[in-house]
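Working through the structure, step by step
The lines below spell out each chain.
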Amino acid sequence: MQLFYNQHIKDTDTFFVFDKEESKHIIKVLRKKESDILFVTNGLGFLFKTNISLASDSKCTVNVVSFEKQETPKFNLHLAVAPTKMNERYEWFLEKVTEIGIQEITPIICEHSERKVIKIDRFQKIIESAMKQSLHYYMPKLNEPITFKDFIKKKIDGQKYIAHCEETDKKSLKSELKTNSDITILIGPEGDFSVKEIQLALDNNYNPVSLGNTRLRTETAAVVACHSVVYTNE
């Protein structure tokens, strides 16, 4: 099934008109015709089955045949991950955690962060593409970048963890996870969190955890953490 995304389609709609850019893609690039079936999600859990009633490359119009709503996840996974030096690695992380299943992502700027300029629009497109490819009907929320100090001050409910590389007393993330609960996990930059940042997280009730016996890259650590949470909740 090929999945299209448009945030404006609603469960009360009987028909829907795509904008000019998307219409051109559907009609000119994909060569869709009148009566062809299109499956569309609005990123809010809905899957709409539609058929093309007007095959115009400027305003492709579809009739809504039926719709269904995917069950809301019983947990909310929020990964706060420092940007990587190479943008491609962060984009890979965004793609993979979207495929696996994540609800919220926040880029955090840390003391050891080498990259502090974030292309949020580019990242959003990566997430949208991965959502469609993996047939998810919920669009993960991508937050604006924030400094570690400001993020740690936020009131966050549920389980809170920080994964770092310091040789301190840490438990395995998998052994600590509880099912059906909101979870926030902090993942640092290539140079890891600073000692001050780790202490600040501990002072704000984040529990230190290990993601395994080997040292992982930032993007790999984030994917491992995401998979651990999703697998635990299956």
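The preceding data block contains the structure.
Bear in mind the structure is a predicted one, so any value in this text is a computation, not a measurement.

1. Some points on the overall build of the protein
Secondary structure summary: the protein contains 7 helices and 13 strands in total. Principal axes of the C-alpha set define a box for the protein whose edges measure 65 × 35 × 30 Å. For the protein, the proportion of its 234 residues judged to be buried stands at 46%. Across the protein, every contact between residues at least 6 apart in sequence was considered, and the portion connecting residues at least 24 apart equals 73%. Accessible surface computed for the protein: about 12,700 Å², of which carbon and sulfur atoms make up 47%. Looking at charge distribution, the protein has the averaged site of its 33 positive side-chain charges lying 3 Å from that of its 33 negative ones.

2. Some details on the sheet that holds strand β4 (residues 46-54)
Strand order across the open sheet formed by 5 strands is β1-β3-β4-β5-β2, with mixed pairing between neighbours. The strands lining the two open edges of the sheet, one partner per strand, are β1 (3-5) and β2 (15-17). Ignoring strand direction, the axes of neighbouring strands in this sheet form an average angle of 40 degrees. Against the sheet, helix α3 (residues 120-133) engages β1 and β3 (37-41), with an angle of about 145 degrees to β1.

3. Looking at the pattern of salt bridges
For the structure shown, the criterion picks out 11 salt bridges. Note that D36 and K33 form a salt bridge whose closest N and O atoms lie 3.8 Å from each other. One salt bridge connects E91 with R122, and the closest N-O pair in it is separated by 3.1 Å. Taken together, the residues E91 in helix α2 (residues 87-100) and R122 in helix α3 connect sequence positions 31 residues apart. Judged by relative accessible area, R122 falls into the partly exposed class, the value being 41%.

4. Some points on the environment of N76
Relative to the helices and strands, N76 resides in the loop between β5 (61-69) and β6 (77-81). On the basis of relative accessible area, N76 is assigned to the partly exposed category, the value being 26%. Once residues lying within four places of it in the same chain are set aside, the contact partners of N76 are Q103, E104, S181, D182 and I183.

5. Overview of the packing of α2 against α3
Their axes nearest at 8 Å, the elements α2 and α3 cross at an angle of 35 degrees. The chirality of how α2 crosses α3 is right-handed. Contacts from N87, Y90, E91, L94, E95, T98 and E99 of α2 reach α3 at R122, F123, I126, I127, A130, M131 and Q133. Grouping the constituent residues of the contact of α2 with α3 by class yields 7 nonpolar, 3 polar and 4 charged.

6. Brief notes about unusual backbone geometry
One non-glycine residue, N180, lies in the positive phi region at around 55 degrees. Here N180 is to be found in the loop between α5 (173-176) and β12 (183-187). Judged by relative accessible area, N180 falls into the partly exposed class, the value being 46%. Its identity is not glycine, yet N205 carries a phi of approximately 70 degrees, on the positive side. Take N205: it is sitting in the loop between α6 (195-203) and β13 (207-210).

7. A look at α6
Every buried residue belonging to α6 is among E197, I198 and A201, and all of these are buried. Axial view of α6: buried residues confined to an arc of 100 degrees, hence all on one face. Pointing more than 90 degrees away from the buried face of α6 are the exposed residues V195, K196 and D203. Against the buried residues of α6 lie α4 (148-152), β10 (159-163) and β12. Phi turns positive, to about 70 degrees, at N205, one or two residues after α6.

8. A look at the packing of aromatic side chains
Two measures describe an aromatic ring pair: the distance that separates the ring centres and the angle between the ring planes. A complete count under the given rule lists 7 aromatic pairs for this structure. Considering the side-chain rings of F16 and F18, the 5.3 Å spacing of their centres and the 90 degrees angle between planes classify their relative orientation as edge-to-face. Neither F16 nor F18 differs from the other in exposure class; each is buried. Taken together, a centroid distance of 5.0 Å and an interplanar angle of 70 degrees make the contact between Y90 and F93 edge-to-face. Within this pair, Y90 and its partner F93 are both found in helix α2, separated by 3 residues, close to a single helical turn.

Each value, and the rule that gives it
Residues numbered from 1 in each chain as written. Predicted model: local features only at pLDDT ≥ 70, side-chain atom pairs only at ≥ 80, totals over all residues. Heavy atoms only, no water. Helix = DSSP H or I, 4+ residues; strand = E, 2+ residues; numbered from the N terminus. Buried < 20%, exposed > 50% of the residue type's maximum accessible area, 1.4 Å probe, protein only. Contact = heavy atoms within 4.5 Å. Areas by Shrake-Rupley, 256 points an atom, 1.4 Å probe, with all protein chains shown as cover. Lys, Arg positive; Asp, Glu negative; His and termini not counted. Charge placed at Lys NZ, Arg CZ, Asp CG, Glu CD. Pairing = 2+ DSSP bridges. Axes fitted to C-alpha atoms, helices over the stretch in contact; angles between N-to-C directions. Salt bridge = Lys/Arg side-chain N within 4 Å of Asp/Glu carboxyl O. Left-handed = near helix turned anticlockwise from the far one by under 90°. Nonpolar A, V, L, I, M, F, W, Y, C, P; charged D, E, K, R; others polar. Arc of directions from axis to C-beta. Phe/Tyr/Trp six-rings, centres within 6.5 Å; stacked < 30°, edge-to-face > 60°.

Treat this as a map of the structure, not an account of what it does.
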